[in-house]
Amino acid sequence: RAEENKPLGNLDFWSEALDRQLQQASYKPDGKPEDVKSATGIPGRRLKYTRENQGRTYRYWMTVFVTDTRVFCVEAGGDQDRFKGKSLETLQKAADSITFG
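The structure contained in this document is the topic of the report that follows. Every chain's residues receive numbers from 1 upward, in the order its sequence appears when written. Totals for whole chains, interfaces and linings use every residue, but because this is a predicted model, local features are given only for residues with pLDDT of at least 70 and side-chain atom pairs only at 80 or more, for both listing and counting. To get the side-chain values, take all heavy atoms of the structure and skip hydrogens and water.

Remarks on the overall build of the protein chain
- Note on conventions: DSSP H or I runs of at least 4 residues are helices, E runs of at least 2 residues are strands, and numbering of each starts at the N terminus. Scanning the protein chain from terminus to terminus reveals two helices and six strands.
- What you see in the protein chain, going N to C, is helices and strands ordered as β-α-β-β-β-β-β-α.
- With C-alpha atoms as the basis for the radius of gyration, the globule rule is written as 2.2 Å multiplied by the number of residues raised to the power 0.38. Relative to the 2.2 N^0.38 estimate, which gives 13 Å for 101 residues, the radius of gyration of the protein chain is 14 Å and therefore close to what a compact globule would have.
- If one aligns the C-alpha atoms of the protein chain with their principal axes, the spans along those axes are about 40 × 30 × 20 Å.

Section: the environment of G78
- Following the sequence through the fold, G78 ends up in strand β6 (residues 70-79).
- Along the chain, G78 and T50 lie 28 residues apart, while their C-alpha atoms are 9.6 Å from each other.
- The contact criterion used throughout is that any non-hydrogen atoms of two residues lie within 4.5 Å. The residues touching G78, leaving out its near neighbours within four places in the chain, are Y58, R59 and F83.

Some remarks on unusual backbone geometry
- The residue after K6, namely P7, is reached through a cis peptide bond having omega 0°.
- Within the element layout of this structure, P7 appears in the loop between β1 (2-4) and α1 (11-24).
- In this structure, S26 takes a positive phi of about 75° despite not being glycine.
- Note on placement: S26 falls in the loop between α1 and β2 (28-29).
- In this structure, Q54 takes a positive phi of about 50° despite not being glycine.
- For Q54, the location among the structural elements is in the loop between β4 (43-53) and β5 (56-66).

Focus: the side chain of K48
- Its location among the elements puts K48 in strand β4.
- A polar atom in the side chain of K48 sits 2.7 Å from the side chain of E34.
- Every residue in contact with K48, bar those within four places of it in the chain, is listed here: K28, P29, D30, E34, Y60, W61 and Q92. Identification of polar contacts relies on pairs of N or O atoms within 3.5 Å, with a donor-acceptor requirement for protein atoms, meaning one able to donate a hydrogen and the other able to accept it, and with residues adjacent in sequence counted only if both atoms are side-chain atoms.

Some points on the packing of aromatic side chains
- Aromatic rings from Phe, Tyr and Trp, with only the six-membered ring used for Trp, were paired whenever their centres fell within 6.5 Å, and each pair was classed as stacked if the ring planes differed by under 30 degrees, edge-to-face if by over 60, and tilted otherwise. Inspection of every chain in the model, using the stated rule, returns three aromatic pairs.
- A centroid spacing of 6.3 Å and a plane angle of 80° characterise the contact between Y27 and Y49, whose relative ring orientation is edge-to-face. Of this pair, Y27 sits in the loop between α1 and β2 while Y49 is found in strand β4, placing the two residues 22 residues apart along the sequence.
- Whether a residue is buried, partly exposed or exposed follows from its accessible area with a 1.4 Å probe, protein chains only, as a fraction of its type maximum: under 20%, in between, or over 50%, in that order. The exposure class of Y49 is buried, given its relative accessible area of 1%.
- Where Y27 meets Y60, the ring centres are 5.4 Å apart and the plane angle is 50°; that geometry is what we call tilted.

Digging into the pattern of salt bridges
- Note on definitions: salt bridges are taken to be side-chain nitrogens of Lys or Arg within 4 Å of carboxyl oxygens of Asp or Glu. Summed over all chains, the structure comprises eight salt bridges.
- Among the salt bridges present, the one from D30 reaches R59, with a minimum N-O distance of 2.4 Å. In this pair, D30 is assigned in the loop between β2 and β3 (34-37) and R59 in strand β5, connecting sequence segments 29 residues apart.
- For D30, a relative accessible area of 29% corresponds to the partly exposed category.
- Put simply, R56 and D79 hold a salt bridge, and the shortest N to O gap is 2.2 Å. Here R56 is found in strand β5, whereas its partner D79 is found in strand β6, with 23 residues between them in sequence.
- Using a relative accessible area of 15% as the deciding quantity, one classes D79 as buried.
- Counted as one network, the salt bridges with shared partners bring together D12, D35 and R45.

Have a look at this one:
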């Protein structure tokens, strides 16, 4: 999804704002944020979380890219078993393959 970069912020600003919002919604960080690059070389940051729901663990990733005018969020989520092996590699490649106009 994409939103206007308002208020105007950089990657650090938006990553921290989104992290704070997710933690307030009971998402727990799963490791440190990872710096990544889009297919067109735009710097981004992957935020990883877990969340418990009815005794099951779910994972949620948000990869954030920021341009002067837009904030792009590439999201993936699901049962923790889907975030293993070949599926994990596919998720990472898909999130990083985004291109900008």
